[in-house]
There are 2 protein chains.
Amino acid sequence: MAYRVINFNPGPSALPLDVLMKVQEELLDYRGTGMSVMESSHRSPEYDEINEQAMLLAKELMGLGDDYHVIFVGGGASTQFAYIPLNFMHGGKAGAYIDTGTWSTKAIKEAKIIGDMHLAASSKDAEYRFIPKQKDIDLPNDAAYLHITTNNTIKGTQYHYIPETGGIPLIADMSSDILSRRMDFNKFDFFYAGAQKNLGPSGVTLVVIKEHMLSKIKDGLPTMIDYRTHCEKKSLFNTPPAFGVYVMKLVLEWIKDRGGLDAVEDVNRQKKDAVYEVMDEHSDYFKGTAEKDSRSWMNVTMRLPNEDLEKKFIAEGKEAGFIGLKGHRSVGGIRVSLYNAVTLEGAQRVAEFMENFKSKN
Amino acid sequence: MAYRVINFNPGPSALPLDVLMKVQEELLDYRGTGMSVMESSHRSPEYDEINEQAMLLAKELMGLGDDYHVIFVGGGASTQFAYIPLNFMHGGKAGAYIDTGTWSTKAIKEAKIIGDMHLAASSKDAEYRFIPKQKDIDLPNDAAYLHITTNNTIKGTQYHYIPETGGIPLIADMSSDILSRRMDFNKFDFFYAGAQKNLGPSGVTLVVIKEHMLSKIKDGLPTMIDYRTHCEKKSLFNTPPAFGVYVMKLVLEWIKDRGGLDAVEDVNRQKKDAVYEVMDEHSDYFKGTAEKDSRSWMNVTMRLPNEDLEKKFIAEGKEAGFIGLKGHRSVGGIRVSLYNAVTLEGAQRVAEFMENFKSKN
């Protein structure tokens, strides 16, 4: 058996071991084709099935109907930050954004480069410690869309409600919490997620587009930037990031086999409870950086009493087999990322480690 | 040992077996890290080394100095068709293009969407059977650049000279013949290649930019579209297509271990000679679609006396263990793709098969 750490990386992050073993098994000969998936034509029946299955599984797990397009594209979520305003922000309409920290700030930066950005809400003045509430959202009647970031990996916050927009298209970056819990995905008109947290390897981005949004796309865009290109061709206009889609398909199957989002949510709830309970028990030692009602299930962020203790925590964690506990370089501290592939046992072990660390230090 | 076909796929295409075996071996535990490369942070020392090594190996194999940036991006070469004019075609200057069939036609389409396209040469009227000669290139003195497609997978043609541009930046799509032969890469100001033919899996594109081109980039572009972003951050501005870069690094090492481009060219010459010799011997049976002086070393394209024979050829080829011999759906016929990972033995076996097929049919 291969040596495996307990991986709390913030992304790219842990993948299910079962998925990796399947990838390893099929690497030289994908299902009797005599070649790797990486060597297979994207026009082959084998890849067509992978592409179709990944699309159908994503829809099934999210409860999406025929009025949604699911496409797989390259370039990462960062590319979507620009493509969204390029496609949808025109005709004098502003794109509205809620600023909840680093990733939404980056999305906002691109909107400003491209056109008219309206800041609908922000928790910047409170160091992004919370998610703005519905009543604090200032949304113009004629906004092109409202863009939110459902989970904020660096500040450790997450939306626990879906904003009401009164008919204005709701767009969400779900890169770091997609498929981690039940959610009414039908309330979104457009959402996207870089694969490297809950879906698969980096290099492929899942984009979901409600049919009516296609009619809102600006004409005259370059072909690869226009979302209609990929919807019409079912992600096969050009050569897709095929290996990434293949691994994503296996991850989606793994989610379905576990019992879908009900089961995933149940485990994820236990995982985050295990860690937050220790934090709350010793709240003057493990100081959470997010307000309680905005806490992320995916990224538990905290500061210890001082930086030396934080360094010691990370170093001793590494000795205990835990990887990726360091906070983002922009904020420091400790971050425990609990994406889908982190096991309940892994979360419990880090919680136990926290208890022991506290009692000894 | 895994079952393996002889893979003549036009792209995605064969990868070196040694590379695939290495990927398989390291899949669950990359060099003692206890995790897959897919699970590793792109900010980790391990990935940093992969990224740096891939960049240095690419430069070394191509003989490029410090005045070149080598970056790895997502989105495929098709995305570059738009990004190139978005970055470089401005200030009233036209982008000049040579049209040698499907892929250059697609690049031209994007240039027309974005700005002022100048057609410098074309072999369209001759069904793209040849590569236009230097004397036929009509290049305005103030063109922003000249764009060529060095190898044309569908029409089976390839440049066997590098156009002189009199100081106008030379840009090339090398997706289907990069690193297949010696070439003075220093004559190019910008070139790019989707990985899925000679470099690795689909989903990562190699882009090479000469330093002076950075000062020609239009200001005010979205961050991910502006090439300066990726040059400055050495492909690590956002999460890169890490697994693809890792496989590409292994492919580049494999090329270096074989003896670099001298050795690769030598084998590729023997491969294409083996196939073209049979074609020339029976030139009224295996009818090449490219003129002799424009023939591609990478994609040998031909028609048989009738479509029934072509179907039979493909079917019997499959029985013999050959995959991917069907011509592109847009042109039909037969195509034998001989990318770097196709072995000399593979090429000789398909040549022998052609001989036998001809004598029996």
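Being a predicted model, the structure only gives us computed values, none of them experimental.

So, about the pairing of strand S9 (residues 190-194) of chain A. All names here are of chain A. The element S9 is extensively covered by neighbouring structure, given that 5 of its 5 residues are classed as buried. By the alternation rule, side chains of S9 split into Phe190, Tyr192 and Gly194 and Phe191 and Ala193, which are all buried. The pairing of strand S8 (residues 170-173) with S9 spans 3 bridges and is parallel. When the bridges of S9 are listed, Ala172 appears paired with Phe191.

Turning next to the domain arrangement of chain A. Residue and element names in this part refer to chain A. According to the domain assignment, chain A consists of domain 1 (18-258) and domain 2 (260-360). Counting residues at the interface gives 28 residues for domain 1, matched by 28 residues for domain 2. Summed over both sides, the interface between domain 1 and domain 2 buries roughly 2,400 Å², with carbon and sulfur atoms accounting for 50% of that surface. Across the domain 1-domain 2 interface, the total number found is 3 salt bridges. Between Asp262 and Arg182 there is a salt bridge, and its shortest N-O distance comes to 3.7 Å. No other element matches helix H6 (residues 242-258), which puts 4 residues into the side of domain 1 that touches domain 2. Residues of the side of domain 1 that touches domain 2, tallied by class, amount to 9 nonpolar, 10 polar and 9 charged.

We now examine the relation of the copies chain A and chain B. Superposition record for chain A on chain B: RMSD 0.0 Å, screw rotation 180 degrees, translation along axis 0.0 Å. Viewed as a symmetry operation, the transformation between the two copies matches a two-fold axis. A symmetric contact is evident, with 100% of the interface residues of chain A recurring at the interface of chain B.

Turning to the environment of A:Val70, a few remarks are in order. Residue and element names in this part refer to chain A. Along the polypeptide, Val70 turns up in strand S2 (residues 68-73). Residues Val70 and Ser235, spaced 165 residues apart in sequence, show a C-alpha to C-alpha distance of 8.4 Å. Ignoring anything within four residues of it in the chain, the contact list for Val70 reads Met55, Ala58, Lys59, Leu206, Val207, Val208 and Ser235.

With that settled, the discussion passes to empty space enclosed by the protein. Using the criterion set out here, one finds 7 cavities of 30 Å³ or more in the structure. The calculated volume of the largest cavity comes to roughly 450 Å³. What lines the largest cavity is a set of 41 residues, among which A:Gly74, A:Gly75, B:Gly74, B:Gly75 and B:Thr79 lie closest to the centre. Looking at the lining of the largest cavity, the elements that each hand over two or more residues are S2, helix H3 (76-88) and helix H5 (227-232) of chain A together with strand S2 (68-73), helix H3 (76-88) and helix H5 (227-232) of chain B. Looking at the lining of the largest cavity residue by residue, the classes come out as 18 nonpolar, 23 polar and no charged.

The next subject is the environment of B:Arg43. Inspection of the secondary structure assignment puts B:Arg43 in the loop between helix H1 (17-26) and helix H2 (45-62). Placed 196 residues apart in sequence, B:Arg43 and B:Thr239 show a C-alpha to C-alpha distance of 8.9 Å. Not counting chain neighbours up to four residues away, the residues in contact with B:Arg43 comprise A:Arg329, B:Leu236 and B:Phe237. Separated by 3.4 Å, the side chains of B:Arg43 and B:His42 make a polar contact.

Residue and element names in this part refer to chain A. Compared with the 24 Å implied by 1.5 Å per residue over 17 residues, the 25 Å span of H6 between its first and last C-alpha is a close match. Of all 17 residues making up H6, 13 are buried, and the element is well covered by its neighbours. At the C-terminal side of H6, Gly259 shows a positive phi close to 120 degrees.

Strands belonging to one sheet form pairs held by backbone hydrogen bonds; the direction of such a pair is parallel or antiparallel. All names here are of chain A. Strands sit in the order S11-S12-S14 across an open sheet of 3 strands; the sheet is antiparallel. If you trace the sheet from one side to the other, it starts and ends with strand S11 (287-288) and strand S14 (334-337), each paired once. In terms of strand pairing, S11 meets strand S12 (residues 299-303) through 2 bridges, oriented antiparallel. Within S12, the residue paired with Gly288 across the bridge is Met302.

Before going further, it helps to examine a nonpolar patch on the surface. On the surface, A:Met1, A:Leu17 and A:Met21 cluster together into a nonpolar patch covering about 320 Å² of accessible area. Take A:Leu17: it is sitting in helix H1 (residues 17-25).

Once that is clear, we can look at the pairing of strand S5 (residues 145-149) of chain B. All names here are of chain B. Of all the 5 residues making up S5, 5 are buried; the element is thus mostly covered by neighbouring parts of the structure. Side chains Tyr145, His147 and Thr149 of S5 all project onto a buried face; the interleaved residues Leu146 and Ile148 project onto the opposite face, where all are buried too. Pairing of strand S3 (residues 95-99) with S5, which is carried by 3 bridges, proceeds in the parallel orientation. The partner of Ala96 across the bridge, within S5, is Leu146. Bridge analysis of S5 against strand S8 (residues 170-173) gives 4 bridges, and the strand direction is parallel.

About the cut-offs
- Along each chain, numbering runs from 1 in the same order as the chain's sequence is written.
- Written order determines the labels here, with chains lettered from A and ligands numbered from 1.
- Local features in a predicted model are, by the rule used here, given only for residues with pLDDT of at least 70; side-chain atom pairs are given and counted only at 80 or more, and totals for whole chains, interfaces and linings are based on all residues.
- Excluding hydrogens and water, the side-chain figures rest on all heavy atoms present in the structure.
- To sort residues, take the accessible area from a 1.4 Å probe on protein chains only and compare it with the maximum for the residue type: under 20% means buried, over 50% means exposed, and anything in between is partly exposed.
- What counts as a helix is a DSSP run of H or I of at least four residues, what counts as a strand is a run of E of at least two, and both are numbered from the N terminus.
- The rule for pairing is simple: two strands pair if DSSP sees at least two bridges between them.
- Domain boundaries shown here were taken from an automatic or database domain assignment.
- In what follows, a contact means two residues having at least one pair of non-hydrogen atoms within 4.5 Å.
- Throughout, buried area stands for the accessible area (probe radius 1.4 Å) lost by two parts on being put together, summed over both.
- Between Lys or Arg on one side and Asp or Glu on the other, a salt bridge is scored when a side-chain nitrogen of the former is within 4 Å of a carboxyl oxygen of the latter.
- All amino acids are sorted into three groups, where Ala, Val, Leu, Ile, Met, Phe, Trp, Tyr, Cys and Pro are nonpolar, Asp, Glu, Lys and Arg are charged, and the leftover types, Gly among them, are polar.
- The copies were overlaid by least squares, fitting only the C-alpha atoms of residues that reach a pLDDT of 70 or more in each copy.
- The definitions used throughout rest on a 1 Å grid laid over the protein atoms alone, on which a cavity is an enclosed set of points accommodating a 1.4 Å probe that cannot get out and a pocket is an open set flanked by protein within 12 Å on both sides along at least five of seven lines; lining residues are those having an atom within 4 Å of a point.
- Grid points are joined across faces, edges and corners, and a volume is the space filled by probe spheres set on the points.
- Pairing of N or O atoms within 3.5 Å defines a polar contact, subject to two protein rules: one partner must be a possible hydrogen donor and the other a possible acceptor, and residues neighboring in sequence count only if both atoms are side-chain atoms.
- Expected span, for any helix, means 1.5 Å times one less than how many residues it has.
- Patch membership is restricted to residues that have no salt bridge and whose relative accessible area is over 30%. Joining uses 9 Å for like charges and 5 Å for the nonpolar side chains Val, Leu, Ile, Met, Phe, Trp and Tyr.
- Residue-level accessible areas treat just the shown protein chains as cover; the underlying method is Shrake-Rupley with a 1.4 Å probe.

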